[in-house]
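As a plain string of letters, each chain reads:
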Amino acid sequence: MSFPDLRSFIDRLRRDDDIVTVDVPVDARLEAAEIHRRVIAAGGPALLFTSVTGSDFRLVTNLFGTARRAELAFGERPLRLVRRLVELAETILPPSLPALWGARDVGLELLKVGTRTVPAGPVTERVTSTLGLDRLPALTSWPEDGGPFITLPLVYTQHPDRRGHPPSPSYGGASNLGIYRMHVHDARTAGMHWQIGKGGGFHYGVAEARGQSLPATVFLGGPPALILSAIAPLPENVPELMLASLIAGERLPQVRGHGPHPLVANAEFALMGEVPPGVRRPEGPFGDHYGYYSLQHDYPVFELRRIAHRADAIYPATVVGKPRQEDFYIGDLLQDLLSPLFPLVMPAVERLWSYGETGYHSLAAAVVKQRYTREAMGSAFRILGEGQLSLTKFLLVTDRHVDLRNFTATLEHVLARTNPETDLYVLSNLSMDTLDYTGPAVNEGSKGVWLGLGDPVRELPRQFNAATLPAGVTDARVFCGGCLVIGAPPYASEPGAAGRLATDPAFAQWPLVVVSDEPARAAASPMNFLWTTFTRFEPAADIHAAERRIVRNHIAYRGPIVIDARLKPSFPKELSCSPEIADRVTRRWNEYFPSRRVDMGDSERAHLD
């Protein structure tokens, strides 16, 4: 089923008894976000707040906060169509009349793709230049956030040379629709968080170099397909509006004549404005999806000119933090949708999976073809050169079948096959995800690739039998076969502890040792291990070994490989609710939900064990 707008999806959730209305007054500063976090931690319903302090509009959150709701929002049609396209790509060449006739179903579907102009739409029921951003129920989610943020903005921009401009990998495609958080500075301005590698940022870079402002239109709400398309890591030459139309199964209705761009007719809001050249303001801090604060940095500024909105508009928002939050369910659904395409784009890559528990960019794993010696490394380079995958920090690669979604099985599979002297690569002085603060500076860091190819070469140890722990080691826990998690002094007390422990004979039989501030927490579950390990280390700085040698200009690592995943003094703080807000939400819980039992989850732990 396709939903033409946000409220048709909300109506379906009402029929399914999967949304709860909160009618009592709730503060958009910290309180609403903590309610959301406790509900999502318990696997609870979507939330519609009808009385948000200081705002004239209703607020809806947690729309996609379970796998079921995410799948419902976007339907089975996109995956079915992608699989059909892949099937055709494999069978239609060379083209023949019977093959083309057999593909007529897809041809008919593609005739529905695109946009269409309509004379009016719900989004233009109110068009005003007096309504300010400060009247929107934008959330302040965490105590040290720099202010309220618009967290589900669908930011639409066009290349300054859009007329007649072919899509370019250097400067971005002709148009871009992306979700870039917006820090509400005041009634008329908001920070525009264009990270590296983002299409809207490419457009702005071209405009700014010419001394021009870049027109921008920010949609809030609309068809769920529009949200999925804005998040999808599409190639620069694939318009997101076309993907939204493909998912929805119909041409996307647009209204013209109200601003610099056509407006999505069924959106809840359209914020029309521009981003001037040479203007920067401090943006952040912001509690981000890595589970820590992203810090304050200077970013471009969106200047509001007009707002179009439905008369009874509903403002959609999300909250991010420690896993799993709403973005996790959308991210995994996107991987399911796009994974059949990977072998078309990268023919030697059979399967690929990024781990949402690490923030997605911190860790991925791949099954690739190894038809000749070291072909697998060529596939690794191919992955690390592909769009948003280029921000992957650490990549596990094998050529034998393994269920990549099962991280424990995947790690054991690689550890049983690897020879770290030839199979572990650390690539320094590269770009890194803007939100990952493990590197030496923002946007800077390194990557690691670890191969585990062919048949197993070792039996993995599964028990740690040392009679005494080495000096400074506070605890030792087996995470899985071949991987040991140990406690060590804080980094500030002994920065070199990981290097020292790598040479200790007690760990000589373990292919991988992770040094942690909290080994019990890290080893408690795969989710815990993924989050506490891969969000807290940078390959070039934090990988150690019993011995390192230079062989043909390659660093050969003799195991064990030791990852220093201790918190470093420069790292941002882990996200945590303020005691005052936590007490308020606990006290008011039954007031929020007087007519229905809604379970209260543990927002501090989220889904971690």
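Residues numbered from 1 in each chain as written. Predicted model: local features only at pLDDT ≥ 70, side-chain atom pairs only at ≥ 80, totals over all residues. Heavy atoms only, no water.

Some points on the pattern of salt bridges
Okay, so step 1: Applying the stated criterion to the full structure yields 47 salt bridges.
Okay, so step 2: Among the salt bridges present, the one from Asp16 reaches Arg68, with a minimum N-O distance of 2.4 Å. Taken together, the residues span a long stretch of sequence, with Asp16 in the loop between helix 1 (6–15) and strand 1 (19–22) and Arg68 in helix 3 (residues 67–74) at a distance of 52 residues.
Okay, so step 3: Assessed through its relative accessible area of 28%, Asp16 is described here as partly exposed.
Okay, so step 4: Between Arg521 and Glu518 there is a salt bridge, with its nearest N and O atoms 2.9 Å apart.
Okay, so step 5: Each of Asp5, Arg7, Arg58, Glu268, Arg310 and Asp312 takes part in a single network of salt bridges with overlapping partners. (Salt bridge = Lys/Arg side-chain N within 4 Å of Asp/Glu carboxyl O. Helix = DSSP H or I, 4+ residues; strand = E, 2+ residues; numbered from the N terminus. Buried < 20%, exposed > 50% of the residue type's maximum accessible area, 1.4 Å probe, protein only.)

Overview of the sheet that holds strand 26 (residues 475–480)
Okay, so step 1: The sheet built from five strands is open, its strands ordered 26-27-28-30-29 with mixed pairing. The outermost strands of the open sheet, each flanked by one partner alone, are strand 26 and strand 29 (543–551). Going across the sheet, the axis of each strand differs from the next one's by a mean of 25°, ignoring polarity.
Okay, so step 2: As paired elements, strand 27 (residues 483–487) and strand 28 (residues 512–516) share five bridges and run parallel to each other. Directly across from Leu484, in strand 28, lies its bridge partner Val513. (Pairing = 2+ DSSP bridges. Axes fitted to C-alpha atoms, helices over the stretch in contact; angles between N-to-C directions.)

Let's talk about the packing of aromatic side chains
Okay, so step 1: Scanning the model with the defined rule gives 24 aromatic pairs in all.
Okay, so step 2: For the ring pair Tyr180 and Trp194, a centre distance of 6.4 Å and an interplane angle of 75° mean the geometry is edge-to-face. Of this pair, Tyr180 sits in the loop between strand 8 (175–179) and strand 9 (182–184) while Trp194 sits in the loop between strand 10 (189–192) and helix 7 (199–209), and the two are 14 residues apart along the sequence.
Okay, so step 3: Centroid distance Trp589 to Phe593: 5.0 Å. Interplanar angle 65°. Geometry classified as edge-to-face.
Okay, so step 4: Pairwise contacts between aromatic rings join Tyr355, Phe394, Phe407, Phe479, Phe529, Phe534 and Phe537 into one cluster.
Okay, so step 5: The ring centre of Trp142 lies 3.7 Å from the NZ or CZ of Arg37, which sits over that ring.
Okay, so step 6: The residue whose ring lies beneath Arg536 is Trp531, and the NZ or CZ to ring-centre distance is 5.0 Å. (Phe/Tyr/Trp six-rings, centres within 6.5 Å; stacked < 30°, edge-to-face > 60°. Lys NZ or Arg CZ within 6 Å of the ring centre and 35° of its normal.)

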